[in-house]
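Listed here are the chains, written in short residue letters.
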Amino acid sequence: MTFLQILWFVVIGILFAGFIFFEGFDFGIGMATRFFAVDDQERQQVLRSVAPHWDGNEVWLITAGGAMFASFPLWYASLFSGYYILLFLILIALIFRGVSFEFGVHAQTKFERSTWLWANFIGCLFAPFLLGMMLTSMIQGVPMDAQGNVWAGFGVVVNWLSVVGGLAVTYLCFIHGLNYLSLKTKNDLHARAMNMADKLYWLVYPVLVLFALLAIFQTDFFARHAISSSVILIVIVLLTVWGHISARFGHSGHAFLASGLSLILIMAFIFNGIFPRVMIATQSKNDLLIHNASASPLTLDIMTGVLLVLLPIVLIYFAWSYWIQRRTKVDLANGSETY
Amino acid sequence: MSYVLMNVISLSRFQFAMTTLFHFLYVPLSMGLGLIVAIMETAYVHTKKPVYLKMTKFWSKIFLLSFAVGVVTGIIQEFQFGMNWSNYSRFMGDIFGAPLAIEALLAFFLESTMLGVWMFTWDKFKPGLHALFMWLTWIGSVLSALWILAANSFMQHPTGFMINRVTGHVRLVNFWSVLANPQLWREFPHVVFASFTTGAMVVAGMAAFGLLWKQNHDFHIKSLRIALLVGLISSGLAVATGDMQTQFIIKDQPMKFAATEAVYKDTGSPAPWRVIALIDTKKKAVNPSIDVPYMLSLLSYHKLTGSVTGMNSVSRELHAKYDKKFGKNMDYYVPVKTLFWSFRVMAGGGMLVFLISLLGLFFSRAKKDLLSKSKWMLWVLGIMTFVPFVVNSCGWIITEMGRYPWVVYGLQTIADAVSPTSTVGALLFTNIVYFLLFSFIGAFMFYYARKTLIDGPDKEEDEDSAYAQPVDPLDKEAFNS
């Protein structure tokens, strides 16, 4: 393994973490349209809080996919072809969610408006669940031949750990979305979002414990990386406690940070655990390693140069696009928005 | 060649064609509309005339619809290389992935972030600065075309690579030569000018309908003139760059070129051009055809002499060149009829758009306003709304199907590129769902664009922005409508 190979493994991890941090609350907001908002009017106000951002947030996923293709083509090929149906369903969810914003603006009748709101909700519910399933199924080891072809049947994709993993990601995204919502609302909506997050946190603990137990038995993470895996899990629990306390005492900023960081650390748990492999095969001789799955040194050199130049610029204007919207808050009591 | 069978290869090909063609209805539309909206907002910044602000807001509704569908269908594009063409991804990853990643990092972040800023900051920034965000969005979309076409150009004309002896995969040797690919610098301008034309004809055509329906006259005539000017310039440049592309193809992919002209046997010099022809692909013969003497030499070489190599000769050359590596059973004949007719629709449609733009500008001269009196001309312009989409699709059909049997020209065949894990059942399922989904989304896109036009530009005069505030929350009526 060269330095650049490890670097790009980390970069892919960071891009997926960025995706789940930013799209995480978009998904959570979409879930909030049914689990939190009480009528179509509130649903649109809730969605309004992510309307300027969701598209930019989704680019994190596209960049992660592109970067994976560029730096680890063999990983990209094995993972994407192996999880064919699951990825297809994720695409369908993302498509419905994506068009719902703009089509909702143009809806002519109550029925159409309701259709697009439902499209958003269903997309936002299934996309994180299926993604969580894919990642937590992948880490258990998949039937893979020497050429890297993955034959992931139903039992490989759907099992206890992957279902709990999918649920954990979805559930954390929902809480993350509520925390974001409380940042972007005032008065009644703000208080309700905080209150709901506070109550929902009680269920995070058993889900996390279940996830940790299953991960211990179903993966080799604790056999290979006992210390780092345990530390990450403990930090996730601590973050959850911190987020819970923050939500209870109305510090929405802290709560948002905590839920976002715990989503990021779930990615860290996965990437840390699979290292130095990228795809784990049921027969370990067929494992796809960072060492042999990567692109050529020249391609990695070029991609590193591109990343070093472009990423800081992207991060600056990406952050700026949130900064200019910082005072836009939804407040149902005083009309629509206050600044 | 193998005709449509229910096998993994043909289902994968069908899916790629469907998803890409559907995606490429919206890509050029967004690129073109982005340009026109940016021009309109800039006109507002300079003249301060409210009509230009109204134009910006009205046409941006169509732009945003198109952009949304373009974005969601774009994710499929990135994922399907891995999902359906995993052996292609393994073979080409070293070259193909980098442009995709750069496209996301350089272009997608820019366009989607800036568009989000543009949509929701009408009251936060000065008009001049606000217009800049639309320009940045547009620049992002053009940059994304550059990088994805860099990847496509490698598939048409590989440069700057070597074959790794151990893995047999393509390996990057010279990144600059991938970017300096001569195919790219013909394909890229051709695609972007065709895209600007697409946006222009949609605005012009919709404005023509607006005039037919006696909507705001000043608004539509101003929109129409801006659009036709953009349409005239870009369709002219699209035709010119198309000619450059053809010149390159004659030498680089003679089979593709010969098929677009249905030339089986080498022509004499000067070569006549087949306007239309009945093609028998089994006997490899053309009978009968309507010919224009000298014309093919003129089109191919810009002079009255010169012969064109026929498909039969090209096939023999390709066999001599590739039989050692790919075996004798390869069929190098591309789908001749499809290419022949697609080329005619594309080239004819492109010329037509150029001429109609010219005619439309003449009719809409400010002093006389012939246009409002000539209903037939408005109808012609209205129909032109749809022509660029057909033309664009034909262009891609020629480019991609003309590469048959290669997925990467001379390096990998289509049959070797599919995912070994694909099954007919899974592909059939995804094909059907995609088809239904695209029909559904395409129908709503069309319905909402049409409804926007029917409502007309004067509908939401008092609201500052339709997007910042989809529905006024205090207005209970709006919700119950």
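Residues numbered from 1 in each chain as written. Chains lettered and ligands numbered in written order. Predicted model: local features only at pLDDT ≥ 70, side-chain atom pairs only at ≥ 80, totals over all residues. Heavy atoms only, no water.

**Let's talk about the overall build of chain A**
Working step 1: Summing up its helical and strand segments, chain A has 14 helices and four strands in all.
Working step 2: In terms of overall size, chain A behaves like a compact globule, its C-alpha atoms giving a radius of gyration of 20 Å where 339 residues would be expected to give roughly 20 Å.
Working step 3: Based on the C-alpha atoms only, the size of chain A along its principal axes is roughly 65 × 40 × 35 Å.
Working step 4: Counting all 339 residues of chain A, 67% fall into the buried class.
Working step 5: By sequence separation, contacts in chain A at least 24 residues apart represent 79% of the contacts at least 6 residues apart.
Working step 6: When the accessible area of chain A is evaluated, it comes to approximately 11,800 Å², of which 73% is carbon and sulfur surface. (Helix = DSSP H or I, 4+ residues; strand = E, 2+ residues; numbered from the N terminus. Rg over C-alpha atoms; globule rule 2.2 N^0.38 Å. Buried < 20%, exposed > 50% of the residue type's maximum accessible area, 1.4 Å probe, protein only. Contact = heavy atoms within 4.5 Å. Areas by Shrake-Rupley, 256 points an atom, 1.4 Å probe, with all protein chains shown as cover.)

**Details of the overall build of chain B**
Working step 1: Along its length, chain B carries 17 helices and six strands.
Working step 2: In summary, chain B has a C-alpha radius of gyration of 24 Å against a globular reference of 23 Å for 481 residues, a match within 12%.
Working step 3: Overall, chain B is about 75 × 50 × 40 Å in size when its C-alpha atoms are taken along their principal axes.
Working step 4: Counting only residues that meet the buried cut, chain B has 61% of its 481 residues in that class.
Working step 5: A sequence separation of at least 24 residues applies to 78% of the contacts in chain B between residues at least 6 apart.
Working step 6: Put simply, chain B shows about 19,500 Å² of open surface, and 68% of that area lies on carbon and sulfur atoms.
Working step 7: Charge-centre separation for chain B: the mean point of 40 positive side chains lies 8 Å from the mean point of 30 negative side chains. (Lys, Arg positive; Asp, Glu negative; His and termini not counted. Charge placed at Lys NZ, Arg CZ, Asp CG, Glu CD.)

**Observations concerning the interface of chain B and chain A**
Working step 1: At the junction of the two partners, chain B supplies 82 residues and chain A supplies 77 residues.
Working step 2: If you look at where chain B meets chain A, you find 18 residue pairs in polar contact (both at pLDDT 80 or more).
Working step 3: At the level of elements, helix 2 (50-84), helix 3 (86-120), strand 2 (170-172), helix 16 (424-455) and helix 17 (476-480) of chain B are the ones that each hand at least two residues to the side of chain B that touches chain A.
Working step 4: If you tally residues by element for the side of chain B that touches chain A, the top one is helix 3 of chain B, at 24 residues.
Working step 5: Of the residues belonging to the side of chain B that touches chain A, the class tally is 53 nonpolar, 20 polar and nine charged. (Polar contact = N/O pair within 3.5 Å; in protein donor to acceptor, adjacent residues only side chain to side chain. Nonpolar A, V, L, I, M, F, W, Y, C, P; charged D, E, K, R; others polar.)

**A closer look at helix 3 (residues 54-71) of chain A**
Working step 1: Taking 1.5 Å of rise per residue, 18 residues should cover 26 Å, and helix 3 of chain A covers 26 Å from first to last C-alpha, within 8% of that figure.
Working step 2: Extensive coverage of helix 3 of chain A is indicated by the burial of 18 of its 18 residues. (Expected span 1.5 Å × (residues − 1).)

**Re unusual backbone geometry**
Residues apart from glycine generally show negative phi values, whereas peptide bonds are mostly found in trans.
Working step 1: Look at the link from Phe275(A) to Pro276(A): it is a cis peptide, with omega at 0 degrees.
Working step 2: Put simply, Ser269(B) and Pro270(B) share a cis peptide bond, and its omega is 0 degrees.
Working step 3: Tracing the backbone through its elements, the reader meets Pro270(B) in the loop between helix 8 (254-260) and strand 3 (273-280).
Working step 4: Located in the positive-phi region is Tyr294(B), a residue other than glycine, with phi close to 70 degrees.
Working step 5: Counting through the fold element by element, Tyr294(B) comes out in the loop between strand 4 (285-292) and helix 9 (295-301).

**Some words on the pattern of salt bridges**
Working step 1: Taken as a whole, this structure holds 14 salt bridges over all chains when the rule is applied.
Working step 2: The residue Arg224(A) makes a salt bridge to Asp220(A) at a minimum N-O spacing of 3.5 Å.
Working step 3: Residue classification places Arg224(A) among the partly exposed residues on the basis of a relative accessible area of 44%.
Working step 4: The partner of Asp458(B) in a salt bridge is Lys54(B), and the shortest N-O contact between them spans 2.4 Å. Taken together, the residues span a long stretch of sequence, with Asp458(B) in the loop between helix 16 and helix 17 and Lys54(B) in helix 2 at a distance of 404 residues. (Salt bridge = Lys/Arg side-chain N within 4 Å of Asp/Glu carboxyl O.)

**Observations regarding the nonpolar core**
Working step 1: Grouped together as the largest cluster of nonpolar side chains are 293 residues, with contacts concentrated most on Trp75(A), Tyr83(A), Phe103(A), Trp59(B) and Tyr88(B).
Working step 2: When residues of this core are assigned to their parent elements, the largest contribution, 19 residues, is made by helix 3 of chain B.
Working step 3: Setting aside residues up to four positions removed in sequence, Trp59(B) forms contacts with Val37(B), Met40(B), Val203(B), Met206(B), Ala207(B), Phe219(B), His220(B) and Ser223(B). (Core = buried A, V, L, I, M, F, W, Y, C linked by side-chain atoms within 4.5 Å.)

**Observations concerning the state of the cysteines**
Working step 1: Overall, the coordinates contain zero disulfides over all chains when judged by the stated rule.
Working step 2: No disulfide involves Cys124(A); its sulfur sits 9.4 Å from the nearest other cysteine sulfur, which is in Cys173(A). (Disulfide = S-S within 2.5 Å.)

**Observations regarding the packing of aromatic side chains**
Working step 1: One pass over the structure, following the stated rule, counts 82 aromatic pairs over all chains.
Working step 2: Linked through ring pairs, Phe21(A), Phe22(A), Phe25(A), Trp60(A), Tyr180(A), Phe256(A), Phe318(A), Tyr322(A) and Phe109(B) together constitute an aromatic cluster.
Working step 3: Looking at Arg34(A), its charged tip hangs above the ring of Trp118(A), at a distance of 3.8 Å from the centre.
Working step 4: One Lys or Arg, Arg192(A), reaches over the ring of Phe36(A) and ends 4.8 Å from the middle of that ring. (Phe/Tyr/Trp six-rings, centres within 6.5 Å; stacked < 30°, edge-to-face > 60°. Lys NZ or Arg CZ within 6 Å of the ring centre and 35° of its normal.)

**As for the pairing of strand 3 of chain B**
All names here are of chain B.
Working step 1: With six bridges joining them, strand 3 and strand 4 adopt antiparallel strand pairing. Note on strand 4: the bridge partner recorded for Asp 280 is Ala 285.
Working step 2: Taking the residues between adjacent antiparallel strands as the criterion, strand 3 and strand 4 are bridged by four residues, where Lys 284 takes a positive phi near 55 degrees. (Pairing = 2+ DSSP bridges.)

**A look at the side chain of Gln5(A)**
Residues and elements named next belong to chain A.
Working step 1: Of note, Gln 5 is situated in helix 1 (residues 3-35).
Working step 2: A residue is classified by how much of its surface remains accessible, and Gln 5, at 8% relative accessible area, is buried.
Working step 3: In this structure the side chain of Gln 5 is engaged in a polar contact, spanning 2.9 Å, whose partner is the backbone nitrogen of Thr 2.
Working step 4: The contact partners of Gln 5, leaving out residues within four places of it in the chain, are Phe 72, Ile 290, His 291, Ser 294 and Leu 300.

**Brief notes about helix 2 (residues 40-48) of chain A**
Along an α-helix, residues three or four positions apart point the same way, because every turn accommodates 3.6 residues.
Working step 1: Burial within helix 2 of chain A is extensive, with nine of its nine residues counted as buried.
Working step 2: Asp40(A), Gln41(A), Glu42(A), Arg43(A), Gln44(A), Gln45(A), Val46(A), Leu47(A) and Arg48(A) are the residues of helix 2 of chain A that are buried.

**A few points about the side chain of Thr63(A)**
Working step 1: Within the secondary structure layout, Thr63(A) lies in helix 3.
Working step 2: Separated by 2.7 Å, the side chain of Thr63(A) and the backbone oxygen of Val59(A) make a polar contact.
Working step 3: Once residues within four sequence positions are removed from consideration, Thr63(A) is found in contact with Leu15(A), Ala104(B), Leu105(B) and Phe109(B).

**Regarding the confidence of the model for chain B**
Where the model shows low pLDDT, its predicted coordinates should not be examined in detail.
Residue and element names in this part refer to chain B.
Working step 1: Within chain B, residue pLDDT values average 92, and 94% of them lie at 70 or more.
Working step 2: Of the regions scoring below 50 in pLDDT, residues 461-481 engages in 45 contacts with residues more than four places distant in sequence or in other chains.
Working step 3: Here the complex is predicted with pTM 0.94, and the ipTM for its interfaces comes to 0.94. (pLDDT = per-residue confidence, 0-100.)

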